Amino acid sequence: DKLAFGAWRYSARYSAIGLTDVAGEAPDLRRSSGGYVIGETRLLGRGQDAERTLSAFMQLGAASTAVNRFGSYLGAGLVGTGWVRGRDADQLGLSFARARNGSPYMRAQWALAQPVTRTETTLELSYLAQVNSWLSVQPDLQYVRHPNTDPTLASAWVLQVRFEIAF
């Protein structure tokens with residue numbers, strides 16, 4: 001099991017979202033900061049020599065919305081290992097991710113009469129095939145609802161393949 005948390009902070013100057021001074025310029029703010037929590041646990045197959053395992057994970061993140069478009073993030077999923085006969089190292093994963101716009105960004109979009117939704121949501125299905133000791137192939141299929149939080153864009157299907165070579 002794993003539980004991790006952390007915080008981050010950038011020291012560069014960033015323009016404030018949706019704010020302008022008397023000259024019509026966005027004031028610079030000194031900070032961009034946020035935090036996160038990550039948790040992982042094995043639900044099935046806890047022994048060292050377990051043939052099949054099922055693990056769950058969750059990720060939570062938050063950022064200062066004065067300068068960051070997305071104020072929060074939630075990700076969660078399941079990963080199964082060894083569930084295909086004869087493919088003990090292969091992994092099947094199913095996950096969910098949601099990024100949420102901060103209120104300053106939403107207000108700025110509305111003020112510009114730009115269509116915007118609160119969140120972008122992604123569902124993901126992935127299969128990691130360990131071809132041999134040095135090569136793995138991972139096809140990945142994603143369904144993205146409200147890409148870029150723009151309601152005028154159709155939901156999208158994304159297919160990608162990742163190759164990993166170990167040497």
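Residues numbered from 1 in each chain as written. Predicted model: local features only at pLDDT ≥ 70, side-chain atom pairs only at ≥ 80, totals over all residues. Heavy atoms only, no water.

Caption draft 1: Summary view of the packing of aromatic side chains. As enumerated under the stated definition, the model contains 3 aromatic pairs in all. Consider the rings of Tyr10 and Tyr14, whose centres lie 6.4 Å apart with planes at 55°: the pair is tilted. Judged by its relative accessible area of 47%, Tyr10 falls in the partly exposed class. Residue classification places Tyr14 among the partly exposed positions, given a relative accessible area of 28%. Considering the side-chain rings of Tyr143 and Trp157, the 5.0 Å spacing of their centres and the 55° angle between planes classify their relative orientation as tilted. With Tyr143 in strand β9 (residues 135-145) and Trp157 in strand β10 (residues 156-165), the pair connects residues that are 14 residues apart, well separated along the chain. Judged by its relative accessible area of 60%, Trp157 falls in the exposed class. Of the aromatic side chains, those joined through ring pairs into one cluster are Trp8, Tyr10 and Tyr14. (Phe/Tyr/Trp six-rings, centres within 6.5 Å; stacked < 30°, edge-to-face > 60°. Buried < 20%, exposed > 50% of the residue type's maximum accessible area, 1.4 Å probe, protein only. Helix = DSSP H or I, 4+ residues; strand = E, 2+ residues; numbered from the N terminus.)

Caption draft 2: Expanded view of unusual backbone geometry. The phi dihedral of His146 is positive, around 60°, even though this residue is not glycine. Within the secondary structure, His146 sits in the loop between β9 and β10. Even without being glycine, Thr149 reaches a positive phi, approximately 55°. Considering the arrangement of structural elements, one finds Thr149 in the loop between β9 and β10. The class of Thr149 is buried, set by a relative accessible area of 1%.

Caption draft 3: View of the sheet that holds strand β6 (residues 70-81). Pairing in this open sheet of 8 strands is antiparallel, and the strands run β1-β4-β5-β6-β7-β8-β9-β10 from one edge to the other. Both outer strands of the open sheet, β1 (2-10) and β10, are each paired with one neighbouring strand and no more. When strand polarity is set aside, the average angle formed by the axes of neighbouring strands in this sheet is 15°. (Pairing = 2+ DSSP bridges. Axes fitted to C-alpha atoms, helices over the stretch in contact; angles between N-to-C directions.)

Caption draft 4: Expanded view of the pairing of strand β8 (residues 119-130). Both strand β7 (residues 91-101) and β8 contribute to a ladder of 10 bridges, which runs antiparallel. Each residue of the ladder has a partner; that of Gly93, found in β8, is Ser126. Here 8 bridges tie β8 to β9, and the two strands are oriented antiparallel to one another. Paired with Thr121 across the strands is Arg145, a residue of β9. Between β8 and β9, which pair antiparallel and follow one another directly, the connecting turn spans 4 residues.

Caption draft 5: Layout of the pairing of β9. Taken together, the 10 bridges between β9 and β10 define a ladder with antiparallel strand orientation. In the sheet register, Gln142 faces β10, and the bridge partner there is Val158.

Caption draft 6: Looking closely at the nonpolar core. In this structure, Ile17, Tyr105, Met106, Ala108 and Val116 together form the largest nonpolar core, which totals 5 residues. In contact with Tyr105, other than residues within four places in its own chain, are Ile17, Arg69 and Val116. (Core = buried A, V, L, I, M, F, W, Y, C linked by side-chain atoms within 4.5 Å. Contact = heavy atoms within 4.5 Å.)

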